[in-house]
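Chain residues, written in single-letter form:
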Amino acid sequence: MSIHDETQKAWESASQKHVREYDELLNDAGTARLLPVEEAVLGDIVVGAEVVHPMSGHGIDDVALVRLGARRVRGVDYSPTAAASAQRRADELGVPCSYAVATLPATGLPDDCADIVYTGKGALIWVDDLDAWLAEMRRLLRPGGHLFIYEAHPLTPLWAWDTDRIRVREDRGYFQRTHVNDSFPAGGAVEHQRTLAETIMAITAANFEILHLAEHPDPFWRPAGMEAAAWNGQVPNAYSLLARDNA
Ligand SMILES: C[S@@+](CC[C@H](N)C(=O)[O-])C[C@H]1O[C@@H](n2cnc3c(N)ncnc32)[C@H](O)[C@@H]1O
């Protein structure tokens, strides 16, 4: 089985969580907000926007985007289980979100269908060919459209879970190309790594103009009951980025 097949299988299995916890997630979606930094960076551009959310997972952020004023959100995910549970929740809440099952970078969506591509929180780490992924996002964006990312900082996989002091894992390296995920979805899923500089250079080379880039101390995800010294504010755990299509 290829790395890709192994990862997809792990996600399909892990996505059953969205079904098991359907009611809880429906409840969360009812009041969901994006993180304050996301709301601040997106500002008014989300009002009236058509948004595409690659690697949309449970889709809670899509409801939050509608709450901020998005006219429509289209999620894309290769897990039929994730897409179906997100669709059921959206329908139950009566929000204009729809979900397609597709294996990125190909989305199957039409050219020029989006004002914003919104993604992150554990999305780009599954992208093998970032150049191909960015080319697909540019194809979806209308001229002058925006790419927004709120993602794990590329240093995050290096931090150990120690609670007494920040420690760099000996089995990980910043310049490694891949590592096996051991938190969620686990199951042999393989994460792709790139440095922050490589990500920025790829986005710029794809003809996007970077409007905002910031690094943040808090992780986007804290597994229930877990604490780590690496979350004490001393080191980066996330970054936010807004870029505009330069066409
Ligand atoms: C961490 S989760 C969801 C992230 C989402 N932004 C959120 O906050 O809920 C990552 C999702 O990416 C999907 N995924 C990973 N690789 C993919 C690919 N190549 N094509 C489509 N979906 C993919 C998985 O099925 C999973 O639902």
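For the structure itself, look to the data block above.
Let me begin by describing the structure that accompanies this report. (Residues numbered from 1 in each chain as written. Predicted model: local features only at pLDDT ≥ 70, side-chain atom pairs only at ≥ 80, totals over all residues.)

**Quick notes on the overall build of the chain**
Helix and strand counts for the chain come out as 8 helices and 9 strands. In summary, the chain has a C-alpha radius of gyration of 17 Å against a globular reference of 18 Å for 247 residues, a match within 12%. Taken over 247 residues, the chain has a buried fraction of 36%. Of the contacts formed within the chain by residues at least 6 apart in sequence, a portion of 72% connects residues at least 24 apart. (Helix = DSSP H or I, 4+ residues; strand = E, 2+ residues; numbered from the N terminus. Rg over C-alpha atoms; globule rule 2.2 N^0.38 Å. Buried ≥ 20, exposed ≤ 12 C-beta atoms within 10 Å, placed from the backbone. Contact = placed C-beta atoms within 7 Å.)

**Considering the sheet that holds strand β5 (residues 141–152)**
Pairing is mixed across the open sheet formed by 7 strands, whose spatial order is β3-β2-β1-β4-β5-β9-β8. Each edge of the open sheet carries a strand with a single partner, namely β3 (97–101) and β8 (208–216). The sheet shows a mean angle of 15° between the axes of neighbouring strands, direction not considered. Where β8 lies against strand β9 (residues 238–245), 8 bridges are found, and the strand directions are antiparallel. For His 212, the partnering residue across the bridge sits in β9 and is Leu 242. Packing of helix α5 (residues 60–67) onto the sheet brings it into contact with β1 (50–54), β2 (72–77), β3 and β4 (114–120), and relative to β2 it is tilted by some 165°. (Pairing = 2+ DSSP bridges. Axes fitted to C-alpha atoms, helices over the stretch in contact; angles between N-to-C directions.)

**Looking at α5**
Counting buried residues in α5 gives 7 out of 8 residues, a clear majority hidden from the surface. Buried within α5 are the following residues: Ile 60, Asp 61, Asp 62, Val 63, Ala 64, Leu 65 and Val 66. The positive-phi residue at the C-terminal boundary of α5 is Gly 69, with phi of around 120°.

**Comments concerning the site of the ligand**
Taken together, 18 residues lie around the ligand, and Met 55, Gly 57, Tyr 78, Gly 122 and Trp 126 are the ones closest in. Of the residues assigned to the shell around the ligand, the class counts are 7 nonpolar, 8 polar and 3 charged. (Near = placed C-beta within 6 Å. Nonpolar A, V, L, I, M, F, W, Y, C, P; charged D, E, K, R; others polar.)

**Quick word on the environment of Pro 157**
By the secondary structure assignment, Pro 157 is in the loop between β5 and β6 (178–180). Each C-alpha atom of the pair Pro 157 and Asn 181 lies 8.9 Å from the other, and the pair is 24 residues apart in sequence. Setting aside anything within four residues of it in sequence, one finds Pro 157 in contact with Arg 172, His 179, Glu 191 and Gln 193.

**Regarding the pairing of β2**
Most of β2 is tucked away, with 5 of its 6 residues classed as buried. Direction of pairing for β1 relative to β2: parallel, over a ladder of 5 bridges. Counted as the bridge partner of Val 52 is Arg 74 from β2. As paired elements, β2 and β3 share 5 bridges and run parallel to each other. Within β3, the residue paired with Gly 75 across the bridge is Tyr 99. The parallel pair β2 and β3 is bridged by helix α6 (residues 80–93), and the resulting crossover is right-handed. (Right-handed = clockwise from strand over helix to strand, strands pointing away.)

**Examining the environment of Asn 27**
Examined against the element boundaries, Asn 27 turns out to sit in helix α3 (residues 22–31). Asn 27 sits in the exposed class, given 11 other C-beta atoms within 10 Å. Sequence spacing of Asn 27 and Leu 93 is 66 residues, and the spatial spacing of their C-alpha atoms is 9.9 Å.

**Regarding the packing of α3 against α6**
One way to put it is that α3 packs onto α6 with a least axis distance of 10 Å and a crossing angle of 50°. Between α3 and α6, the crossing angle belongs to the class labelled oblique. Considering only the axes of α3 and α6, their crossing is right-handed. Contacts between α3 and α6 involve Tyr 22, Leu 25, Leu 26, Ala 29 and Gly 30 on the former and, on the latter, Ser 85, Arg 89, Glu 92 and Leu 93. Here the contact of α3 with α6 is built from residues that sort into 5 nonpolar, 2 polar and 2 charged. (Parallel < 35°, antiparallel > 145°, perpendicular 65-115°, else oblique. Left-handed = near helix turned anticlockwise from the far one by under 90°.)

**A word on the nonpolar core**
Grouped together as the largest cluster of nonpolar side chains are 51 residues, with contacts concentrated most on Val 51, Val 63, Leu 65, Ile 116 and Val 117. With 6 residues, β5 is the single largest residue contributor to this core. What Val 117 contacts, discounting residues up to four positions off in sequence, is Val 52, Pro 54, Met 137, Leu 140, Leu 141 and Leu 147. (Core = buried A, V, L, I, M, F, W, Y, C linked by C-beta atoms within 7 Å.)

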